[in-house]
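Close look at the chain arrangement
Here's the letter readout for the chains.
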Amino acid sequence: MTSQTSSPKSPARRLPKWATSFGPQIIAALIAGLALGLLAKSMGTVDDEPNWLTTTLDTIGTSYVSLLKAAVVPLIFTAVVSSIANLRAVSNAARLAWQTLLWFAITALISVTIGILLGVLMQPGSNADVEGSEFSGSQGSWVGFLTGLVPANFLGLGASSKVAESGDVTTSVSFNVLQILVIAIAVGIAALKVGKPAEAFLALNASALAVIQKVLWWIIRLAPVGTVGLIGTAVATYGWDTIGSLGMFALTIYIGLFLVLFGVYPVLIKAHGLSIRQWFSGAWPAIQLAFVSRSSVGTLPLTQRVTERNLGVPRAYASFAVPLGATTKMDGCASIYPAISAIFVAQFFGIDLSFTQYLLIALVSVLGSAATAGTTGAVVMLTLTLSTLGLPLAGVGLLLAIDPILDMGRTAVNVAGQTVVPTLVAKRNGLLDAGLYNARRQGDPFADDSEEIEVPLLVESKS
């Protein structure tokens with residue numbers, strides 16, 4: 001009896017790893033954006049208007065961020081409702097929620113303490129020579145924060161109109177992430193209380209979440225293109241010369257961000273018996289995207305994906321903790337930045353801060369970070385801090401010139417913290433998948449759920 005042996009198939013041609021891996025693509029996009037930004041800056045302006053290259057880069061960058069934000073409202077609503085429904089399968093759900101909020105507060109307190117110490121030691125505002133810009137944006141207040149928790153409509157949407165000198169009226173629509181979160185939590189809890197009649201609704205919500213995530217992965221795959229536009233615009237518009245007289249302030253901010261990202265978080269990870277290297281390699285794709293997009297909410301889909309697939313946090317818990325963190329867990333925007341900025345403003349105007357006022361800075365950071373709402377929260381958080389301390393709000397205008405440069409680092413730290421806390425809480429409660437956490441990082445961070453058979457959970461075991 002003869003057996004037939006099939007000839008082995010020739011391996012399919014594949015692109016080199018550097019061409020398909022997210023990290024190298026982002027690095028290449030950063031370099032390209034920097035080069036195009038410098039070229040656009042050297043071209044100057046045309047009749048006091050940005051040249052065609054600057055306009056093109058700005059259009060690409062803003063369009064990409066708009067795409068990310070467009071999917072945020074349905075994503076947060078469906079993800080939070082699903083996460084609350086999934087928490088039925090997780091023991092001690094209330095304990096997990098409490099521990100998550102507690103660790104948010106602990107890491108925020110550590111971060112704001114670092115910010116205060118750096119502000120006192122480095123004195124960023126003592127010798128600053130800068131002219132302020134007019135500030136007419138949203139101002140943070142405790143009353144505004146509390147009233148902002150109450151949704152004005154089911155979608156948490158708001159509209160504002162501006163009248164130009166020519167008489168033209170433009171209306172823009174925005175959303176309040178915190179209100180959407182409140183609505184989703186209420187709907188999710190109600191669905192659980194209703195029981196069997198709500199099963200069809202929860203099934204529909206789960207299906208909608210899967211469709212929304214599919215669209216989001218397509219958008220996130222465009223990250224290298226968006227990176228070119230965002231970085232190019234920052235360099236062309238602001239350039240490194242803008243830092244100028246605010247150099248010490250910018251340096252102080254980035255030292256604080258560096259200490260939190262490469263000091264505080266690794267120490268906490270190590271203290272819980274986890275590998276620092278594995279955390280960095282697992283969370284890095286989300287940290288990279290946060291740096292270039294400057295939006296915690298826009299990075300939310302990827303943050304949740306790496307937290308589940310790379311760091312081994314159960315989906316039922318991660319889908320609750322990560323969206324919550326995208327709104328309230330902001331060590332960069334709500335701790336380091338407002339602490340150093342408030343001290344800068346006080347030093348610039350020659351105001352001596354008392355020990356009580358330093359304590360107020362810490363209190364505002366720990367309790368008021370939810371007011372940042374995940375998008376333009378740093379400025380709102382700064383006005384909240386200044387108004388609480390009784391410092392001049394005109395100080396906000398002093399810092400606007402380099403805010404985009406600082407925002408990249410702030411957002412990266414925000415997102416890093418949003419992966420750390422769920423990981424720590426899952427580890428403390430025995431929920432962390434150690435096999436996933438310690439596995440060798442390999443594969444595509446944007447692989448869809450339907451592709452898990454081909455690329456299982458982004459990682460392959462070392463064994």
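For the structure, see preceding data.
So, a few notes on the structure that sits alongside this text. These numbers were taken from a predicted model, which means no experiment stands behind them.

1. A few points about the packing of helix 5 (residues 93-122) against helix 10 (residues 247-271)
Relative to each other, helix 5 and helix 10 sit at 145 degrees, their axes nearing to 10 Å. The way helix 5 lies across helix 10 gives a crossing that is right-handed. Residues Trp103, Thr107, Ile110, Ser111, Ile114, Leu118, Gly119 and Met122 of helix 5 form the contact with helix 10, whose own contacting residues are Met248, Leu251, Thr252, Ile255, Gly256, Leu259, Val260, Val264 and Leu268. Class assignment of the residues belonging to the contact of helix 5 with helix 10 gives a composition of 12 nonpolar, five polar and no charged.

2. Looking at the environment of Tyr337
Within the secondary structure, Tyr337 is located in helix 14 (residues 332-348). By relative accessible area, which is 2% here, Tyr337 ends up buried. Through-space distance from the C-alpha of Tyr337 to that of Gly115 is 7.3 Å; in sequence the pair is 222 residues apart. Ignoring sequence-local partners within four residues, the contact set of Tyr337 consists of Phe249, Ile253, Gly332, Ala378, Leu382, Leu399, Asp403, Leu406 and Arg410.

3. Comments concerning the pattern of salt bridges
In total, this model carries three salt bridges according to the counting rule given. Glu308 serves as the salt-bridge partner of Arg315, at 3.0 Å between the closest nitrogen and oxygen. Residue classification places Arg315 among the partly exposed positions, given a relative accessible area of 41%. Relative accessible area serves as the criterion here: at 9%, Glu308 is assigned to the buried category. Among the ionic pairs, Arg410 bridges to Asp407, the shortest N-O distance being 2.9 Å. Taken together, the residues span about one helical turn, with Arg410 and Asp407 both in helix 18 (residues 403-428) at a distance of three residues. In this pair, the class of Arg410 matches that of Asp407, namely buried.

4. Section: unusual backbone geometry
Even without glycine at this site, Gln123 takes up a positive phi of about 50 degrees. Turning to its location among the elements, Gln123 is positioned in the loop between helix 5 and helix 6 (142-148). Among the residues examined, Gln123 registers a relative accessible area of 34% and is labelled partly exposed.

5. Observations regarding helix 9 (residues 223-237)
Across its 15 residues, helix 9 extends 21 Å between first and last C-alpha, which sits within 8% of the 21 Å expected from 1.5 Å per residue. Of all the 15 residues making up helix 9, 13 are buried; the element is thus mostly covered by neighbouring parts of the structure.

6. Let's talk about a nonpolar patch on the surface
The grouping of Ile60, Leu67, Leu222 and Val225 at the surface amounts to a nonpolar patch, some 310 Å² of accessible area in total. Looking at the element boundaries, Leu222 is found in the loop between helix 8 (199-220) and helix 9. Residue Leu222 is classed as partly exposed on the basis of its relative accessible area of 39%.

7. Some points on the side chain of Thr100
Relative to the helices and strands, Thr100 is located in helix 5. Thr100 gets classed as buried once you look at its relative accessible area, which sits at 0%. Among the polar contacts made by the side chain of Thr100, one reaches the main-chain carbonyl oxygen of Leu96 at a distance of 2.7 Å. Not counting residues up to four positions away in its chain, the partners in contact with Thr100 are Tyr317, Ala321, Val421 and Val425.

8. Side note on the packing of helix 3 (residues 52-70) against helix 8
Between helix 3 and helix 8, whose axes approach to 10 Å, the crossing angle comes to 165 degrees. Accordingly, the angle class assigned to the pair helix 3 and helix 8 is roughly antiparallel. The two elements helix 3 and helix 8 cross, and the hand of that crossing is left-handed. On helix 8, the residues that touch Tyr64, Leu67 and Leu68 of helix 3 are Leu216, Ile219 and Ile220. When grouped by side-chain class, the residues that make up the contact of helix 3 with helix 8 number six nonpolar, no polar and no charged.

9. Description of the packing of aromatic side chains
Within the structure shown, the criterion is met by nine aromatic pairs. Arranged with centres 4.8 Å apart and planes meeting at 35 degrees, the rings of Phe258 and Phe262 form a pair that is tilted. Residue Phe258 and its partner Phe262 are located together in helix 10, separated by four residues, close to a single helical turn. Accessibility expressed as a relative area gives 51% for Phe258, which makes it exposed. According to the relative accessible area criterion, Phe262 is partly exposed, its value standing at 40%. Here Phe344 and Phe348 contribute two aromatic rings whose centre-to-centre distance is 6.0 Å and whose plane-to-plane angle is 20 degrees, an arrangement assigned as stacked. Of the two residues, Phe344 and Phe348 are both situated in helix 14; the distance of four residues between them amounts to about one turn of the helix. With a relative accessible area of 0%, Phe344 lands in the buried category. Here the aromatic residues Phe258, Phe262, Tyr265, Trp279, Phe280 and Trp284 are joined through ring pairs into a cluster of three or more. One cation-aromatic arrangement involves Arg410 over Tyr337; the distance from NZ or CZ to the ring centre is 4.3 Å.

The rules behind the values
Residues numbered from 1 in each chain as written. Predicted model: local features only at pLDDT ≥ 70, side-chain atom pairs only at ≥ 80, totals over all residues. Heavy atoms only, no water. Axes fitted to C-alpha atoms, helices over the stretch in contact; angles between N-to-C directions. Helix = DSSP H or I, 4+ residues; strand = E, 2+ residues; numbered from the N terminus. Left-handed = near helix turned anticlockwise from the far one by under 90°. Contact = heavy atoms within 4.5 Å. Nonpolar A, V, L, I, M, F, W, Y, C, P; charged D, E, K, R; others polar. Buried < 20%, exposed > 50% of the residue type's maximum accessible area, 1.4 Å probe, protein only. Salt bridge = Lys/Arg side-chain N within 4 Å of Asp/Glu carboxyl O. Expected span 1.5 Å × (residues − 1). Patch = residues over 30% accessible without salt bridge, like charges linked within 9 Å, V, L, I, M, F, W, Y side chains within 5 Å. Areas by Shrake-Rupley, 256 points an atom, 1.4 Å probe, with all protein chains shown as cover. Polar contact = N/O pair within 3.5 Å; in protein donor to acceptor, adjacent residues only side chain to side chain. Parallel < 35°, antiparallel > 145°, perpendicular 65-115°, else oblique. Phe/Tyr/Trp six-rings, centres within 6.5 Å; stacked < 30°, edge-to-face > 60°. Lys NZ or Arg CZ within 6 Å of the ring centre and 35° of its normal.

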